[in-house]
Amino acid sequence: MKEPSDEDNGTASTPEKYMLQLFINGATLRSHNAITNIKAIGENELAGNYELEVVDIHQKPELAAQIELIALPTLIKNFPLPMRRLIGDLSDKKKVLAILDINTQSETGQRS
């Protein structure tokens, strides 16, 4: 059951929540930048309609082999399908949006 605030805000046609995983290796500058960049994209372009799981493979090395990671940081969009992967610090916003197939606010006339 949806909360009344969802309907009041006119979000009944809001797309399903994006499920993202960001794989990093420790507390490096690249890791920090990737986290900061994807959170900014999530808040600005997805209006908070996303869940981000940050996984440090230094703490969970078995996941790197299981998911077949070849470089870090790696962002994986698990949902909505199709699944997409993006390697790097995620600083090129247009590239991130295109590869992850994220429809932005610009469709409603707002430019980012």
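Residues numbered from 1 in each chain as written. Predicted model: local features only at pLDDT ≥ 70, side-chain atom pairs only at ≥ 80, totals over all residues. Heavy atoms only, no water.

Undergrad: Help me out: how do you make sense of the overall build of the protein in this one?
TA: Secondary structure assignment for the protein yields 4 helices and 4 strands. Secondary structure elements in the protein, listed N-terminal to C-terminal, are α-β-α-β-α-β-β-α. Going through the 112 residues of the protein one by one, you find that 33% of them count as buried. Carbon and sulfur atoms provide 50% of the accessible area of the protein, an area that totals close to 7,300 Å². (Helix = DSSP H or I, 4+ residues; strand = E, 2+ residues; numbered from the N terminus. Buried < 20%, exposed > 50% of the residue type's maximum accessible area, 1.4 Å probe, protein only. Areas by Shrake-Rupley, 256 points an atom, 1.4 Å probe, with all protein chains shown as cover.)

Undergrad: What's the story with the nonpolar core in this structure? I'm lost.
TA: The tendency in soluble globular proteins is for nonpolar side chains to be buried side by side. Core analysis: the largest hydrophobic core is formed by 17 residues, its most contacted members being L22, I38, L75, L90 and V96. Elements with a contribution of two residues or more to this core: β1 (18-24), α2 (29-45) and α4 (93-99). Every residue in contact with L75, bar those within four places of it in the chain, is listed here: L20, Q21, L22, I38, L52, R84, R85, L86, L90 and L100. Among the nonpolar cores identified, the runner-up in size contains 8 residues, and F23, V55, I57 and I76 belong to it. (Core = buried A, V, L, I, M, F, W, Y, C linked by side-chain atoms within 4.5 Å. Contact = heavy atoms within 4.5 Å.)

Undergrad: I'm lost on the pairing of strand β2 (residues 50-56) in this one. Help?
TA: Along a regular strand, successive side chains alternate from one face of the sheet to the other. In this structure, β1 lies alongside β2, joined through 7 bridges in parallel fashion. Within the sheet, the bridge partner assigned to L22 lies in β2 and is V54. Considered for its hand, the β-α-β crossover made up of β1, α2 and β2 is right-handed. (Pairing = 2+ DSSP bridges. Right-handed = clockwise from strand over helix to strand, strands pointing away.)

Undergrad: When you look at the pairing of strand β3 (residues 74-79) in this model, what are you seeing that I'm missing?
TA: As defined by bridge partners, β1 adjoins β3 across 5 bridges and the pair is classed as antiparallel. Across the sheet, F23 pairs through a bridge with T74, a residue of β3. Alignment of β3 against strand β4 (residues 84-87), held across 4 bridges, turns out to be antiparallel. By the bridge assignment for β4, I76 is matched with R85. Connecting β3 to the next strand, β4, in antiparallel fashion are 4 residues.

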